[in-house]
Amino acid sequence: MHQLAVEAEGLVKHFKETRAVDGVDLAIPQGSVYGILGPNGAGKTTTVRMLATLIRPDAGTARVLGHDIRTDPDAVRTSVGLTGQYASVDEDLTGAENLTLLARLYGFSRNAARQRSAELLAAFTLADAGGKQVKTYSGGMRRRIDLAASLVMSPQVLFLDEPTTGLDPRSRNQVWDIVRLLVAEGATVLLTTQYLEEADQLADRIAVIDHGRVIAEGTATELKASVGSGTIHLRLADAARREEAAAVVGRLLGGEVVRPRDPSALTVRVPDGAGDRTVHVLPALQDAGIVVPEFSLGQPSLDEVFLALTGEPPADDAAQDGDERAVPAGRAASSIPEEER
Ligand SMILES: Nc1ncnc2c1ncn2[C@@H]1O[C@H](COP(=O)(O)OP(=O)(O)OP(=O)(O)O)[C@@H](O)[C@H]1O
Ligand SMILES: [Mg+2]
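The text that follows walks through the structure, step by step, so that each part is easy to find.

Reading guide: rules and limits
Position numbers for residues count from 1 along each chain, tracking the sequence in the order it is written. By the order in which they are written, chains take letters starting at A while ligands take numbers starting at 1. Given that the model is predicted, a residue must reach a pLDDT of at least 70 before its local features are reported, and side-chain atom pairs must reach 80 or more before they are shown or counted; all residues, however, enter totals for whole chains, interfaces and linings. Any two strands are treated as partners once DSSP identifies two or more bridges connecting them. Put simply, DSSP marks the helices as runs of H or I at least four residues long and the strands as runs of E at least two long, and each gets a number from the N terminus on. Neighbour density around each residue's C-beta defines its exposure: 20 or more other C-beta atoms within 10 Å make it buried, 12 or fewer make it exposed, and counts between make it partly exposed, where C-beta atoms are placed from the backbone. Contact between two residues is assigned whenever their backbone-derived C-beta positions fall within 7 Å. Fitting a line to C-alpha atoms yields each axis, with helices limited to the stretch in contact; the angle taken between N-to-C directions then spans 0 to 180 degrees. Using a C-beta atom placed from the backbone, a residue is described as near a molecule or strand when that atom lies within 6 Å of it. The nonpolar class holds Ala, Val, Leu, Ile, Met, Phe, Trp, Tyr, Cys and Pro. Asp, Glu, Lys and Arg form the charged class, and all remaining residues, Gly among them, are polar. Throughout this description, any angle smaller than 35 degrees is read as roughly parallel, any larger than 145 degrees as roughly antiparallel, any in the 65 to 115 degree range as roughly perpendicular, and the remainder as oblique. Handedness of a helix crossing follows the sense of rotation of the near helix relative to the far helix, less than a right angle counterclockwise being left-handed and clockwise being right-handed. Nonpolar cores are built from buried Ala, Val, Leu, Ile, Met, Phe, Trp, Tyr and Cys residues. These are joined into a set through C-beta atoms within 7 Å. Per the annotation, domain bounds derive from an automatic or database assignment of domains.

**Re the pairing of strand β2 (residues 18–29)**
Moving on, step 1. With nine bridges connecting them, strand β1 (residues 4–15) and β2 associate as antiparallel partners. Within the sheet, the bridge partner assigned to Val6 lies in β2 and is Ile28.
Moving on, step 2. Between β1 and β2, which follow one another and run antiparallel, lie two residues, and Lys16 among them has a positive phi close to 50°.

Okay, structure coming up:
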């Protein structure tokens, strides 16, 4: 039942001296969402372009729905949809014209092509914009028309290269809903992202990639579990008492205390085995007379996973998300020693 939609072994791609992809293995079950998570330049786009047969690997093999990307690229292309950072719609045509044209290219009759175009525009809330030239679209509309263009043929496997980079939270949620719908209908989605939260929200499994290599693979929960049993985020009413609070919590749990840039915030990694002592944190702070208007206990963020895996936070723009949920208090920056900030 769990056939693989994508299998890759040892994919390598060099650009002169840059080893953009340096031996990537992937095993993506059919009907799942698979996230490739990594910072700028990690090799995400290059990996996807190889799998989509847009560029040839220097070494390694891959099969998409059983078709070898080297010996049977045409079969791969007919079963795969791709939207990329470098999208394919014609800016001078309207949204509707683009979709109709693509459908005609795929062999739809004139009427069927118009109908498919109208369906897709409606599904992507672009019905009103369908008559306008794509070059007049906002970033979010543009991303949705790119997605619609890749779905004209209802592909079994869809590659989405950073589908939500630069979108506002609302547009991003729309894209997420579309991805979920596609998967509910049986598609397999391979998604690249720099957003930890996106991988967490959408992906059944995640490969974390850095410098062209997979440095960790698993479910979001597994990746988070590799870091410790959780993280406490506190906000204090009085920033001047942060060190006192840090001492109280440190004595209680023994975990690593990190100091986010916000001077009233405090983050504590709960060490393995100390999870059941977290309930004592608030009473202990109260006993010390420290007022804590905000307290949360959560699993470690994927940011922290990245930090634990690589020793570095993801590239700085990786978290410029416009959505504060993606930038948890005490995100990676908090673990950089004070003087290096
Ligand atoms: N056509 C190319 N010619 C030369 N170097 C390239 C080319 N494409 C990618 N690279 C290099 O290969 C590395 C991996 O690039 P890639 O585009 O795959 O990264 P990415 O993970 O998609 O990054 P981003 O998040 O910025 O899109 C980078 O160092 C990049 O500069
Ligand atoms: Mg890229």
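**Side note on helix α3 (residues 95–105)**
Moving on, step 1. Taken together, the buried positions of α3 are occupied by Gly95, Ala96, Asn98, Leu99, Thr100, Leu102 and Ala103.
Moving on, step 2. Tucked into the core, α3 has its buried residues touching α4 (110–123) and α5 (139–150).
Moving on, step 3. Downstream of α3 by a residue or two, Gly107 has a phi angle that is positive, lying close to 100°.

**A word on the sheet that holds β2**
Moving on, step 1. What the four strands build is an open sheet, ordered β2-β1-β4-β5; its pairing is antiparallel. Pairing within the sheet leaves two strands with one partner each, and these edge strands are β2 and β5 (67–68).
Moving on, step 2. Relative to strand β4 (residues 59–64), β1 is paired through five bridges, and the arrangement is antiparallel. Note on β4: the bridge partner recorded for Ala8 is Ala62.
Moving on, step 3. Sitting on the sheet, helix α1 (residues 44–51) is in contact with β1, β2 and β4, with an inclination near 120° to β1.

**Here's the deal with the site of ligand 1**
Moving on, step 1. Lining the immediate surroundings of ligand 1 are 13 residues, of which Phe15, Ala20, Lys44, Thr45 and Thr46 lie closest.
Moving on, step 2. Listed by contribution, the elements that provide at least two residues to the shell around ligand 1 are β2 and α1.
Moving on, step 3. The leading source of residues in the shell around ligand 1 is α1, at three residues.
Moving on, step 4. In the shell around ligand 1, the residues fall into three nonpolar, nine polar and one charged.

**Some details on the packing of α3 against α4**
Moving on, step 1. Contact pair α3 / α4: the axes reach a minimum separation of 8 Å and the direction vectors enclose 130°. Put simply, α3 runs oblique to α4. The way α3 lies across α4 gives a crossing that is right-handed. From α3, Gly95, Ala96, Leu99, Thr100, Ala103 and Arg104 reach across to α4, where they touch Ala112, Ala113, Arg114, Arg116, Ser117, Leu120 and Leu121.
Moving on, step 2. Its residues assigned to classes, the contact of α3 with α4 shows seven nonpolar, three polar and three charged.

**Points about the nonpolar core**
Moving on, step 1. Residues Val6 and Leu51 are the most contacted members of the largest nonpolar core, which totals 70 residues.
Moving on, step 2. Considering each element in turn, this core owes the most residues, five residues, to β2.
Moving on, step 3. Residues lining this core come from more than one domain, with at least three contributed by each of domain 1 (4–224) and domain 2 (228–340).
Moving on, step 4. Not counting residues up to four positions away in its chain, the partners in contact with Val6 are Leu26, Ile28, Leu51, Ala62, Val64, Val157 and Leu190.

**Here we look at the sheet that holds strand β10 (residues 213–218)**
Moving on, step 1. Here we have six strands laid out as an open sheet, ordered β6-β7-β8-β3-β9-β10, and mixed in their pairing. Each edge of the sheet is formed by a strand with only one pairing partner; in this case those strands are β6 (80–83) and β10. Taking the axes of each pair of neighbouring strands and ignoring which way they run, one obtains an average angle of 15° across the sheet.
Moving on, step 2. Pairing analysis gives five bridges linking strand β7 (residues 157–161) to strand β8 (residues 188–193), with the strands arranged parallel. Bridge assignment links Leu160 to a residue of β8, and that residue is Leu191.
Moving on, step 3. On top of the sheet, α5 reaches β6 and β7; it is set at about 165° to β6, its chief contact.
Moving on, step 4. On top of the sheet, helix α6 (residues 169–184) reaches β3 (33–37), β7 and β8; it is set at about 155° to β8, its chief contact.

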